[in-house]
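Breakdown of the fold
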Amino acid sequence: MRETAFRTCPLCEATCGLEVTIEAGRIARIRGDTADVFSAGFICPKGSTLGHLHEDPDRLRRPHIRRNGSHAEVDWPEAFAEIEARLRPIIEEHGPAAVGMYAGNPNAHSPAGLLYVRPLAKALGTPNLFSASTVDQMPKHVSSGLMFGHPATIAVPDIDRTDYLLMLGADPVVSNGSLATAPDWPGRMKRIRDRGGRIVVVDPRRTKSAAAADEHLAINPGGDAAWLAALATEILRSGPTPGRLADHAAGLDDLPDLLAPFDAASVESVTGIDPAITRRIAAELAAAPTAVVYGRLGTHATRFGTLASWLTDSLNLITGNLDRPGGAMFPTAAHERRRKRPFRTGRRHSRVGGHPELLGEFPASAMAEEMTTEGEGRIRAFITVAGNPVLSTPDGPALSRALSGLEFMVSVDPYLNETTRHADVILPPPSPLTRSQYDLAFYGLSVRNVVNYTPPTLPLDGAGMEEWEILLRLAAIASGAGADQDPMPFDDWGLAAQIQSEIADPASPIAGRDPEEIMREVSKRRGPDRAIDYLIRSGPYGDHFGAVPDGLTLDRLEDQPHGIDLGPLEPRLPDLLSTESGLIEAAPEWITADLPALRASLDDSAPPLVLIGRRDLRSNNSWMHNLDILLRGKERCTLQMHSSDAAAVGIEDGSSAEIRSANGSVTAPVDVTDAIRPGVVSLPHGWGHGLEGTRLSTAGTRPGVNANALTGSALDPVSGNAVLNGIAVEVLPV
Ligand SMILES: Nc1nc2c(c(=O)[nH]1)N[C@H]1C(S)=C(S)[C@@H](COP(=O)(O)OP(=O)(O)OC[C@H]3O[C@@H](n4cnc5c(=O)[nH]c(N)nc54)[C@H](O)[C@@H]3O)O[C@H]1N2
Ligand SMILES: Nc1nc2c(c(=O)[nH]1)N[C@H]1C(S)=C(S)[C@@H](COP(=O)(O)OP(=O)(O)OC[C@H]3O[C@@H](n4cnc5c(=O)[nH]c(N)nc54)[C@H](O)[C@@H]3O)O[C@H]1N2
Ligand code: SF4
Ligand SMILES: [Mo]
């Protein structure tokens, strides 16, 4: 029998619609869903591989326990009993801080990750929480939280209507975009130019995105904050023009003085950008009918990442492009909640490094030291959920050693990989094709308001357990309720508590309603689907449980497998602001306090050679390398190096080189190219497979090397985000 199902791809932020052909219960083909309201048929090479992922014999189907150094399959009750027997005594003897947790990137792509990891963290009650956010976008959360009041109040580039896109440290033609959900960036970028708009890409490498732009500026790694500050200074010479937002912003008058040390001339040494070009770009930005500055990973994972993130939004504000069509706008997700409490930072500090907490987390770079430094509050047991920090966080080899010294470790992960090989118990979630999909993270970051819900495409395999149930059971164990306890009442209590608090809020669309009636209305579904139905029905487009007869419900979404287009982004300020003042805070002190350090950096002498990262279309961080269909083809874990740098040390294209940093050393084949700035080399992250105790037979055939053996403890102190770009290195022929 042949059937067709539609689903949203869960692999990256682009949320493409997939058309899945199923024959006799197996995936026969996956291609782009041409009827999808958002992606209209666009997909990348990864989207069609979900069937391969589903079939991958190395993907774990049942829990594994490590005994005598190797992992063996067990059943679920045995796995949970083992966790209870080994985790609880550690908590009882040493307190909750003795258990740490790291949540990785795929959590942002699954309802289970987004709805059930936080309750698990709460049940653990530990301050030692870490996530991939601090090797990624934490600067954006911090600057958005402080400027607009909530770390999720993030302005995205309105690329479908803009006349001018200034894009820094992002390569969306390859990454398919981040903090700016838009399937088909290549097509959308082309349309900007087709309608007479202009795209400027700022990146030390001439990327595929740079090649698709009108202009490419090869900035020095780490130079973005200073350069953006200089653009702001040049624009502020003729005064800010925030337009409608003038009455809704505090601190605008402080900007010229704060940014005075940075102008086109003073930042040339750290950016490598000719002052005349900087002045011209400033003039173009100010003059464009609409324009947007968009910065991403390459600007965030640097020493001054938060300043760069803040300056991005500041430039949009002072040019009148914040919250207007064609500028930087705030999406309205169908499940959005009202943002109330103002954002706070630094409520506590990490034990060893004294790093301030941000969003309830400490920097991922500080995980290893919290495990290996003796004393009260040391992390003795660890949980990873959908993360591979041995490959993805700084000084991965040191973290690997720290993990091997733990008393107990649990991983919720479908693979036995570089990180999970250290776990005493591995709990595998089922294949993504067997779960429902609704992008709780990305509809709030999307360049159009859209909504799409996908029910499971294939039934759960008999041995499998849904990931939300795994997480709920872990939470029950962590809270002391026991491994045998039915965890479902916890789920009911969690949702009931949310309903209670929202009906008590006079500003909620369901204020004063009967909580039991609402619970009944959503209770034909379970787990995340039930929660999502509740969130949508009581959300901005919802049916408000009968009050808005044609409003959204999950049933209605299920009837629309290609999604529902809710229209272009709409201006949302000042209503969306949740700062204490009720205003946009244009110059938050937590951030501007870092300006003197940026000023001082203008006098630093640059290292002769620095390392940055990059992504590849057929790769997804560390975890899709076990699929032969993606792995085949040319070697991807190569060091890109400019021909002049290669010639200077006698390195030829294709030969091997040793890359040394203060932190470590790796050896990789060199790809000599002129598409990178002299003085800069690039190595992708997520490689370094083939380690003992892993079960990744395909990835092991082309292991590559771990770029994070070269990165170290450097971070942006304002956000705790790791410095992954601009690492001083030496490259030597071998
Ligand atoms: N194919 C593929 N897609 C992915 C992923 C993947 O691994 N593979 N990962 C996903 C994830 S988790 C994320 S967060 C997104 C990230 O998506 P993007 O934010 O688009 O990140 P990258 O593609 O890494 O591009 C970052 C760019 O910054 C440049 N760069 C490095 N240092 C600097 C600097 O100091 N200044 C400037 N201006 N540029 C710099 C690099 O050369 C690179 O081209 O991609 C997602 N999509
Ligand atoms: N040097 C350098 N380092 C980087 C970056 C860089 O640009 N340069 N980029 C950084 C960025 S942006 C990110 S987001 C991080 C990513 O860092 P991580 O999130 O730690 O790493 P991933 O490689 O995405 O690992 C994902 C893990 O989740 C598992 N997994 C996949 N799907 C699921 C699922 O549905 N459920 C569960 N439970 N597990 C699942 C995979 O098997 C894998 O073990 O890497 C960062 N590291
Ligand atoms: S671009 Fe992202 S969402 Fe689209 S098919 Fe590729 S991996 Fe999936
Ligand atoms: Mo990321």
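This text gives an overview of the structure that appears in the document. (Residues numbered from 1 in each chain as written. Chains lettered and ligands numbered in written order. Predicted model: local features only at pLDDT ≥ 70, side-chain atom pairs only at ≥ 80, totals over all residues. Heavy atoms only, no water.)

**Some words on the overall build of the chain**
Heads up, the condition is: Numbering of helices and strands runs from the N terminus; a helix is a DSSP stretch of H or I covering at least four residues, while a strand is a stretch of E covering at least two. Within these notes, the globule rule equals 2.2 Å times the number of residues to the 0.38 power, and the radius of gyration is based on C-alpha atoms. Per-residue accessibility, obtained with a 1.4 Å probe over protein chains only, is compared with the maximum for each type, and a residue is labelled buried under 20%, exposed over 50%, and partly exposed between these values. In this description, contact between two residues means that some pair of their heavy atoms is separated by no more than 4.5 Å. Residue exposure ignores everything except the shown protein chains as possible cover, and the areas themselves are Shrake-Rupley values with a 1.4 Å probe.
Regarding its fold elements, the chain presents 25 helices and 28 strands. Relative to the compact-globule value of 27 Å for 734 residues, the chain shows a C-alpha radius of gyration of 25 Å, a close match. Counting over 734 residues, the chain shows a buried share of 61%. A separation threshold of at least 6 residues defines the contact pool for the chain, and within that pool the share at least 24 residues apart is 73%. Approximately 26200 Å² of the chain is accessible, and the part contributed by carbon and sulfur atoms is 50%.

**Focus on the site of ligand 1**
Put simply, the rule reads: If even one non-hydrogen atom of a residue comes within 4 Å of a molecule or strand, that residue is called near it. As used in this structure description, the phrase polar contact means that two N or O atoms lie within 3.5 Å; if the pair is within protein, one of them must be able to donate a hydrogen and the other to accept it, and residues adjacent in sequence are counted only when both atoms belong to side chains. Residues are grouped as follows: nonpolar covers Ala, Val, Leu, Ile, Met, Phe, Trp, Tyr, Cys and Pro; charged covers Asp, Glu, Lys and Arg; every other residue, Gly included, is treated as polar.
Contacts to ligand 1 come from 31 residues, most closely from Asp203, Gly222, Asp224, Asp616 and Asn621. Here an oxygen atom of ligand 1 and a backbone polar atom of Gly298 are 3.3 Å apart. For ligand 1, whose accessible area on its own is 920 Å², the fraction buried by protein is 97%. Elements with a contribution of two residues or more to the shell around ligand 1: α5 (172–175) and α12 (297–300). Of the residues contributing to the shell around ligand 1, the split by class is nine nonpolar, 13 polar and nine charged.

**Remarks on the site of ligand 3**
Taken together, Cys9, Leu11, Cys12, Ala14, Thr15, Cys16, Ile43, Cys44, Lys46, Gly47 and Asn176 make up all the residues around ligand 3. Classifying every residue of the shell around ligand 3 by side-chain character gives seven nonpolar, three polar and one charged.

**As for the pattern of salt bridges**
Just so we agree on the cut-off: Whenever a carboxyl oxygen of Asp or Glu lies within 4 Å of a side-chain nitrogen of Lys or Arg, that contact is scored as a salt bridge.
Under the counting rule described, the total for this entry stands at 54 salt bridges. Linking Arg530 and Asp492 is a salt bridge whose minimum nitrogen-to-oxygen distance equals 2.9 Å. Of this pair, Arg530 sits in helix α20 (residues 527–537) while Asp492 sits in helix α18 (residues 488–503), and the two are 38 residues apart along the sequence. With relative accessibility at 7%, the residue Arg530 sits in the buried group. For Lys524, the salt bridge goes to Asp555, with nearest N and O atoms at 3.0 Å. With a gap of 31 residues between them, Lys524 in the loop between α19 (515–522) and α20 and Asp555 in helix α21 (residues 554–558) connect regions that are remote in the sequence. Shared partners join several salt bridges into a network, and the residues in it are Arg66, Arg67, Glu78, Glu82, Arg86 and Asp424.

**Re unusual backbone geometry**
Along the chain, Leu573 connects to Pro574 via a cis peptide bond; the corresponding omega equals 10°. Note that Pro574 resides in the loop between β19 (564–568) and β20 (584–585). Despite not being glycine, Thr15 has its phi angle at roughly 55°, a positive value. Within the element layout of this structure, Thr15 appears in the loop between β1 (2–8) and β2 (17–23). The class of Thr15 is buried, set by a relative accessible area of 4%.

**What to know about α19**
Each α-helix turn comprises 3.6 residues. Residues three or four places apart therefore point the same way. Heads up, the rule is: The arc in question is the one spanned by the directions pointing from the helix axis to the C-beta atoms.
Those residues of α19 lying buried are Ile518, Met519 and Val522. Angular distribution of buried residues about the axis of α19 spans 100°; they occupy a single face of the element. In α19, those exposed residues whose orientation departs by more than 90 degrees from the buried face are Glu516 and Arg520. Lining the buried residues of α19 we find α18 and α20.

**Points about the environment of Ser644**
In this structure, Ser644 sits in helix α25 (residues 643–649). Within the local environment of Ser644, its side chain forms a polar contact with the side chain of His642, the two groups lying 2.7 Å apart.

**Thoughts on the nonpolar core**
The condition that has to hold: Nine residue types can take part in a nonpolar core, namely buried Ala, Val, Leu, Ile, Met, Phe, Trp, Tyr and Cys, and a core is a set of them joined through side-chain atoms within 4.5 Å.
Counting 104 residues, the largest nonpolar core has Leu166, Trp227, Leu322 and Tyr438 as the members making the most contacts within it. Sorting elements by how many residues they give to this core places helix α8 (residues 224–236) first, with 10 residues. If sequence neighbours within four positions are ignored, Trp227 has contacts with Leu166, Leu168, Val202, Leu217, Ile219, Val267, Thr271, Ile273, Thr278 and Ile281. In terms of nonpolar packing, the next biggest core, distinct from the first, is built from 40 residues, Ala121, Leu129, Val412 and Leu471 among them.

**A word on the sheet that holds strand β6 (residues 99–103)**
Applied cut-off: When DSSP locates at least two bridges between a pair of strands, those strands are taken to pair. Axes here mean lines fitted to C-alpha atoms, for a helix over just the part in contact, with angles spanning 0 to 180 degrees between N-to-C directions.
The mixed open sheet is built from seven strands, whose spatial order is β5-β4-β17-β16-β15-β6-β7. Sheet topology places β5 (70–73) and β7 (129–131) at the edges, where each strand pairs with a single neighbour. The mean angle between the axes of side-by-side strands here comes to 20°, regardless of whether they run parallel or antiparallel. Note that β6 and strand β15 (residues 381–385) share five bridges and pair parallel. For Tyr102, the partnering residue across the bridge sits in β15 and is Thr384. Across the face of the sheet, helix α17 (residues 467–478) comes into contact with β15, β16 (408–412) and β17 (425–427) while running at roughly 155° to β16.

**Things to note about the pairing of strand β4 (residues 64–67)**
Note on strand geometry: in a regular strand, side chains alternate between the two faces of the sheet. Pairing of β4 with β5 involves four bridges; the strand directions are antiparallel. Counted as the bridge partner of Ile65 is Ala72 from β5. For β4 and β17, the ladder comprises two bridges, and the chain directions are antiparallel. In the strand pairing of β17, Ile65 is matched with Val425.

**Here we look at the packing of helix α4 (residues 138–148) against helix α13 (residues 305–318)**
So the rule is basically this: By definition in this entry, angles of less than 35 degrees are roughly parallel, angles greater than 145 are roughly antiparallel, angles of 65 to 115 are roughly perpendicular, and the rest are oblique. Left-handed describes a crossing whose near helix is turned anticlockwise from the far helix by less than a right angle; the clockwise case is right-handed.
Their axes nearest at 8 Å, the elements α4 and α13 cross at an angle of 50°. On the basis of the axis angle, α4 is oblique to α13. When you trace α4 past α13, the crossing you get is right-handed. Contacts between α4 and α13 pair Pro139, Lys140, Val142, Ser143, Ser144, Met147 and Phe148 from the former with Gly305, Thr306, Ser309, Trp310, Thr312, Asp313 and Ser314 from the latter.

**Observations concerning the sheet that holds strand β9 (residues 164–168)**
In space, the four strands of this open sheet follow the order β11-β10-β9-β13, with parallel pairing throughout. The sheet is open, and its two edges are formed by β11 (215–217) and β13 (292–295), each paired on a single side. Strand-to-strand twist across the sheet, computed as the mean angle between neighbouring axes with direction ignored, equals 15°. Pairing of β9 with β13 involves four bridges; the strand directions are parallel. When the sheet's bridge partners are listed, Leu168 is paired in β13 with Gly295.

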